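Residues per chain, in single letters:
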Amino acid sequence: MLSATVRSHAFKRPLTHLKLISGADYNNGINGSSISIPTKSKVVICGGGLTAAAVAYYLARRGWADRTVILERESVGSGATKYSNGLIGMIRPTWSQLMFAKSSKALWKELESKGLDSGFDRCGSLLLARTRDRMTEYRRIKAQYLSWNIPCEIVTPQKCQEICPLIQTDDLYGGLWLHEDGVGDASRMCSTLLQVSKDSGLNIIENCSVVDVKTKGGKVTLVKTSAGDIECEYFVNCAGFCARNVGQMSQPNIKVPLYAAEQYYMVTEFQNNLSSSTPVVKDPDGYLYLKENKGNILIGGFQANAKAVTDSTTMPTVGDDNFSDDDWENIHHLLRQVMLRMPILKMSVIEKFYKYPELYSPDLKWIVGQSPEVSNYYVAAGTKAFSIPSIGGIGKTVADLIVDGHTPYDLHQVDISRFLSLHNNETFLRDRVQELPGLFNNVQYPFGEFKTGRNLRMSPIYTSLNERGAVLNQVMGYERPAWFDTETRDEKLCRIATTDTFAKPPWFDLVKDEYMACREAVGLCDYSSFTKIDLWSKGTEVVNSLQYLCSNDVDVPIGSVIHTGMQNHNGGYENDCSLVRLDVNHYMMIAPTVQQTRCRVWIERHLPSNGLVSLSDVTSMYTAICLMGPFSRILLSELTDTDLSPSNFPFFTYRELDVGLANGIRALNLTHTGELGYVLYIPNEFALHVYSRLIETGDKYGIKHVGYYAMRTLRVEKFYAFWGQDLDTATTPLECGRAWRVKFNKKNDFIGKEALLKQRDEGIKRQYVQMLLNDHDPETELWSWGGEPIYRDGKYCGQTTTTSYGFTFQKQVCLGFVQDINEEGKRNVVNNNYILSGDYEVDIAGIRYNAKVNLHSPNLPTKYPDQERESYKATREKVDSLNPSL
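Residues numbered from 1 in each chain as written. Predicted model: local features only at pLDDT ≥ 70, side-chain atom pairs only at ≥ 80, totals over all residues. Heavy atoms only, no water.

S.K.: What should I look at first to understand the overall build of the chain in this one?
M.R.: Scanning the chain for helices and strands turns up 21 helices and 41 strands. Computed over its C-alpha atoms, the radius of gyration of the chain comes to 28 Å, within 12% of the 29 Å expected for a compact globule of 886 residues. Looking at the chain residue by residue over its 886 residues, the buried ones come to 62%. Residue pairs in contact within the chain that sit at least 24 positions apart in sequence constitute 73% of those at least 6 positions apart. Looking at the chain as shown, the accessible area adds up to about 33600 Å², and 48% of this sits on carbon and sulfur atoms. (Helix = DSSP H or I, 4+ residues; strand = E, 2+ residues; numbered from the N terminus. Rg over C-alpha atoms; globule rule 2.2 N^0.38 Å. Buried < 20%, exposed > 50% of the residue type's maximum accessible area, 1.4 Å probe, protein only. Contact = heavy atoms within 4.5 Å. Areas by Shrake-Rupley, 256 points an atom, 1.4 Å probe, with all protein chains shown as cover.)

S.K.: Please clarify how the packing of aromatic side chains should be interpreted in this entry.
M.R.: To describe a pair of aromatic rings, you give the distance between the ring centres and the angle between the ring planes. Scanning the entire structure with this criterion turns up 37 aromatic pairs. Taken together, a centroid distance of 5.1 Å and an interplanar angle of 40° make the contact between phenylalanine 719 and tyrosine 768 tilted. Taken together, the residues phenylalanine 719 in the loop between α18 (708–717) and α19 (753–762) and tyrosine 768 in strand β35 (residues 766–773) connect sequence positions 49 residues apart. Each member of the aromatic cluster is reached from another via a ring pair, and the members are Phe447, Trp483, Trp507, Phe508, Tyr515, Tyr709, Trp783, Trp785, Tyr805 and Phe807. One residue, arginine 766, lies across the ring of phenylalanine 817, its end atom 4.1 Å from the ring centre. (Phe/Tyr/Trp six-rings, centres within 6.5 Å; stacked < 30°, edge-to-face > 60°. Lys NZ or Arg CZ within 6 Å of the ring centre and 35° of its normal.)

S.K.: Mind showing me how you'd approach the pairing of strand β31 (residues 654–659) here?
M.R.: Each regular strand displays side chains that alternate between the two surfaces of the sheet. Examined bridge by bridge, β31 and strand β32 (residues 662–668) share five bridges and lie antiparallel to one another. From the neighbouring strand, arginine 655 faces β32, where its bridge partner is alanine 667. Connecting β31 to the next strand, β32, in antiparallel fashion are two residues, including glycine 660 with a positive phi near 60°. (Pairing = 2+ DSSP bridges.)

S.K.: Looking at this structure, I do not really get the sheet that holds strand β29 (residues 614–617). What am I missing?
M.R.: Within a sheet, neighbouring strands are paired by backbone hydrogen bonds and run either parallel or antiparallel to one another. The five strands are arranged β26-β27-β28-β25-β29 in an open sheet whose pairing can be described as antiparallel. The sheet is open, and its two borders are formed by β26 (561–567) and β29, each paired with just one other strand. Direction aside, neighbouring strands of the sheet carry axes that sit 30° apart on average. Pairing of strand β25 (residues 531–536) with strand β28 (residues 586–591) involves six bridges; the strand directions are antiparallel. By the bridge assignment for β28, isoleucine 533 is matched with methionine 589. (Axes fitted to C-alpha atoms, helices over the stretch in contact; angles between N-to-C directions.)

S.K.: What's the story with the nonpolar core in this structure? I'm lost.
M.R.: Grouped together as the largest cluster of nonpolar side chains are 62 residues, with contacts concentrated most on Ile45, Val236 and Ile402. For this core, the leading source of residues is helix α2 (residues 50–61), giving nine residues. In contact with valine 236, not counting residues within four places along its chain, are Val43, Val44, Ile45, Cys46, Val55, Tyr378, Val398 and Ile402. The next biggest cluster of nonpolar side chains, apart from the first, holds 41 residues, and it includes Ala497, Ala624, Val679 and Phe807. (Core = buried A, V, L, I, M, F, W, Y, C linked by side-chain atoms within 4.5 Å.)

S.K.: Just checking my understanding: could you explain the packing of α2 against helix α6 (residues 186–199) for this structure?
M.R.: Helix-helix packing is characterised by the crossing angle of the two axes and by the distance between the axes. Close contact between α2 and α6 brings their axes to 9 Å; oriented N to C, the two are set at 30°. When the interaxial angle is binned, α2 and α6 end up roughly parallel. Where α2 crosses over α6, the handedness of that crossing is left-handed. Between α2, through Leu50, Ala53, Ala54, Ala56, Tyr57 and Ala60, and α6, the contact on the second element is made entirely by Ala186, Met189, Cys190, Leu193, Leu194, Val196 and Ser197. Here the residues of the contact of α2 with α6 sort into 12 nonpolar, one polar and no charged. (Parallel < 35°, antiparallel > 145°, perpendicular 65-115°, else oblique. Left-handed = near helix turned anticlockwise from the far one by under 90°. Nonpolar A, V, L, I, M, F, W, Y, C, P; charged D, E, K, R; others polar.)

S.K.: I would appreciate a short explanation of the sheet that holds strand β34 (residues 703–705) in the present structure.
M.R.: Read from one edge of the open sheet, six strands run β31-β32-β33-β30-β24-β34, paired in mixed fashion. The sheet terminates laterally at β31 and β34, the two strands that pair on one side only. Across the sheet, the axes of successive neighbouring strands diverge by a mean angle of 30°, strand direction being ignored. In the sheet, strand β24 (residues 522–526) pairs with β34 via three bridges, with the strands oriented parallel. Bridge pairing in β34 links glycine 523 to lysine 704. Across the sheet, helix α13 (residues 508–520) touches β24, β30 (622–628) and β34, and the angle it forms with β34 is around 140°. Set on the sheet, helix α17 (residues 687–698) makes contact with β24, β30, β31, β32, β33 (677–683) and β34; between it and β34 the angle comes to about 130°.

S.K.: Sorry, what's going on with unusual backbone geometry here?
M.R.: The omega angle of the peptide bond from glutamine 251 to proline 252 is 0°, so this bond is cis rather than trans. Position of proline 252 relative to the elements: it lies in the loop between α7 (243–247) and β13 (259–268). Not every positive phi belongs to a glycine, and histidine 672 is a case in point at roughly 70°. Inspection of the secondary structure assignment puts histidine 672 in the loop between β32 and β33.

S.K.: How should helix α3 (residues 95–113) be read in this particular structure?
M.R.: Note on helix geometry: an α-helix contains 3.6 residues per turn, so any two residues three or four positions apart are oriented the same way. For α3, which comprises 19 residues, the first-to-last C-alpha distance of 27 Å matches the rise-based estimate of 27 Å (1.5 Å per residue) to within 8%. Within the sequence span of α3, burial applies to Ser96, Gln97, Leu98, Met99, Phe100, Ala101, Ser103, Ser104, Leu107, Trp108, Glu110 and Leu111. Positioned one or two residues after α3, glycine 115 has a phi angle of 75°, which is positive. (Expected span 1.5 Å × (residues − 1).)

S.K.: What is the right way to look at the state of the cysteines in this model?
M.R.: In a disulfide, the sulfur atoms of two cysteines are covalently bonded to one another. Taken as a whole and judged by the stated rule, the model has zero disulfides. Cysteine 46 supplies the cysteine sulfur nearest to cysteine 232, a cysteine that is in no disulfide, at a spacing of 11 Å. Classification of cysteine 232 as buried rests on a relative accessible area of 7%. With no disulfide of its own, cysteine 577 lies 5.4 Å from the sulfur of cysteine 550, the closest cysteine sulfur. (Disulfide = S-S within 2.5 Å.)

S.K.: Is there a simple way to think about the confidence of the model for the chain in this case?
M.R.: Regions with low pLDDT carry predicted coordinates that are not meant to be interpreted in detail. Averaged over the chain, the pLDDT score is 90; the fraction of residues at 70 or greater is 91%. In the predicted structure, residues 1–34 sits below a pLDDT of 50 and forms 80 contacts with residues beyond four places in sequence or in another chain. The low-confidence segment residues 879–886 (pLDDT under 50) makes 17 contacts with residues lying over four places distant or belonging to another chain. (pLDDT = per-residue confidence, 0-100.)

S.K.: Sorry if this is basic, but what is going on with the side chain of aspartate 843 here?
M.R.: By the secondary structure assignment, aspartate 843 is in strand β40 (residues 840–844). Within the local environment of aspartate 843, its side chain forms a polar contact with the backbone nitrogen of isoleucine 847, the two atoms lying 3.5 Å apart. (Polar contact = N/O pair within 3.5 Å; in protein donor to acceptor, adjacent residues only side chain to side chain.)

S.K.: Can you help me understand the packing of α13 against α18 in this one?
M.R.: Contact geometry for α13 and α18: axes closest at 8 Å, N-to-C directions at 55°. Overall, the two elements α13 and α18 adopt an arrangement that is oblique. Between α13 and α18 lies a crossing of right-handed hand. In contact with Val511, Glu514, Tyr515, Cys518 and Arg519 of α13, α18 contributes Tyr709, Ala710, Thr713, Leu714 and Glu717. Of the residues belonging to the contact of α13 with α18, the class tally is six nonpolar, one polar and three charged.

S.K.: Looking at this model, I keep getting lost on α19. Mind explaining?
M.R.: All of the buried residues in α19 are Lys753, Leu756 and Gln759. Considered in projection along α19, the buried side chains sweep an arc of 125° and stay on one side of the axis. Projecting away from the buried face of α19 at angles above 90 degrees are the exposed residues Glu754, Asp761 and Glu762. Those residues of α19 hidden inside the fold are in contact with β26. Once α19 finishes, glycine 763 follows within two positions and takes phi at roughly 100°, a positive value. (Arc of directions from axis to C-beta.)

S.K.: Would you mind showing me how to read the pattern of salt bridges here?
M.R.: Here the idea is simple: oppositely charged side chains can pair when their charged atoms come close. For the coordinates displayed, the defined rule picks out 44 salt bridges. Here glutamate 137 makes a salt bridge to arginine 134, at a shortest N to O gap of 3.2 Å. You can see glutamate 137 and its partner arginine 134 sitting in helix α4 (residues 132–147), three residues apart, about one turn around the helix. Each member of the pair glutamate 137 and arginine 134 is classed as buried. Each member of the salt-bridge network shares a partner with another, and the members are Arg62, Lys396, Asp400 and Asp404. (Salt bridge = Lys/Arg side-chain N within 4 Å of Asp/Glu carboxyl O.)

In structure tokens form, the structure reads like this:
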């Protein structure tokens, strides 16, 4: 291997070598920024980059410019904004994230209509594919994006070369052409937004560092700076590289889990006859992107194994003065890919070279919203290299939250409250960030998993499950079985679940066996990751509070289990949970795993301020084991003296049981999948004992370990909706067949009641449906994995949410929402007649499959019918005559 000195010398020649020249000198600050420090301001924004500029701009649009101050420790636009790669692409994995990008496009048009510099130049993006699976991914994207009216085109290798004659295409299968994409100058955008806001009264203070954020009574009251103190009512952390450190200045600390990895890009010498309309070229299989840059070509990429930056406040460097051998190795890899893709650059000289730290959140998504810890503390950070495409939506969201207290966007995928404290652990972040940049290049197969930060949260029975072949997926840091493979188990390893295909998955037969055990024998599934919260009071305060929070009637008999939504003021689901009434004034709440922080914060912020209602997160105190299947009752009855007959322990009720030698077990007669069974919430010290007795006793009943993929299939066939997968903050109970769970006539008003009454009177504009695909061959054709467009009578009407292969139906089963969208793009009211009168198709990567639509949970044929279970329909319109309180 060449020494660093030799490499540095070698890079001063053309061909495979580089000539290093000093970096560019940018100065895009706002001249004339105020240097006075106000003693009070309605809003204080920490940071002076593009994100902060966008928040300030939208606050200014709401008339808050003269009540807002920006604090920047250097000059505005001097941090990550200055070194943004400028890529602007519309590709987003979900509709809610796409809405952020659409807001950005609207922002640029707005600026341009006023004769202002938006910093955006349209040139198109050409995404290249070196593999068949990459082309399949592009076909899935095209199907989705055309349904959203975003122009895109699948192109041949020959067409790729026509679009960009500079590239070599011999090794390509094709590409995806998005002609409305472009490039942006983040510094220009930042400057325009700040100047407009400053003209409206925004106060910009440069060379001023935030040194402390004082809180009192759960709110920010004072910001201490290097130039003086500012009292404020709202604080916004847009500090970029310093956002995590700023979060730790307040008490309590605000968790902003961000960490930096080293990134590289370089700029060639001036290229003759290079048009400014040259498209951005992205070659993810080569970890490479290229774009025109003021007559030069900018070359960049995302390393498969990135180097963590231990000091996240390190600013970018230009030149090769402090490059290590690893840096040169990364550069050589990038250059090899460049010369393969764009041979014309073999004779070019590199004029500028950049190494800079890029910030990432643990799940690669933005961090936006109101902090869980302090109510008037907002965060907008973690936008990575892709800050420009999302900046309009992020700025508008934060401004709306501050001014209105809510936003029209569904934020749950990017909300800061999706994290736990473990996600802000520096060792965890440093480990995780090394794999994150490379994930931008990976084919996005279904159910993607991270490889780092594993074996972190584990239930007491984890080792036993691992010994029996558990293949794991991770949610909120919790390891839980996706399926079991006893033939290839390795007791020493955390085997991570993978689905590296868009067709029939390799785990199909294993999951089928687990599914059949739940339908015809007994399955055992570890539910320990579910969120578990106890709420209680001395008097009736807890009942009154839950009645206000919940749309169902929670004042049910002791021992009852009630399924309810917690709606927001628009009627959408902030939480979807089961409430167990343990005593007169004591409840246990079971909620989705991903809701552990989010739902707790929502509840706490709506409890009485007098402290009369107590709340405790008991997630880590209990191991939850679900037994499901026709023999679950007889199996459990062998281990307890409690009468489990339906007359004594009916469906949707709770009992405290002794199981084996253990006591104090909270048992619920439900499974969340529609099968006969029980969920046992076991104090952790008894978990291994109870688990062992269940396995030993269950052997004669054919007990089988079951993972979450089988559970997914069970609930999709039974038409059960799950929060975060089917339900979100923009979905109401009336839209998903759960109007019967909304008790409008209960004596207590509840959050969202007015919005739901209005929707009930006016009608819904989308309907949750179950679809069975016809003429689809699961052995040879691509599968539906969620997010596919749905067509009614040949016209786009919605998209799938959760999908699975139905082993009883022996068909692909898709859940999703159907709308009636008119020619103007507006949604009309829909009803059952409209839904059932259409001819439906689901588009899988460009091929449409006819589908039968269901509005209600179906009756599935079974060897062991159970009247109590079969009469219960999770998705329906009318109240269950047997269980009217459910």
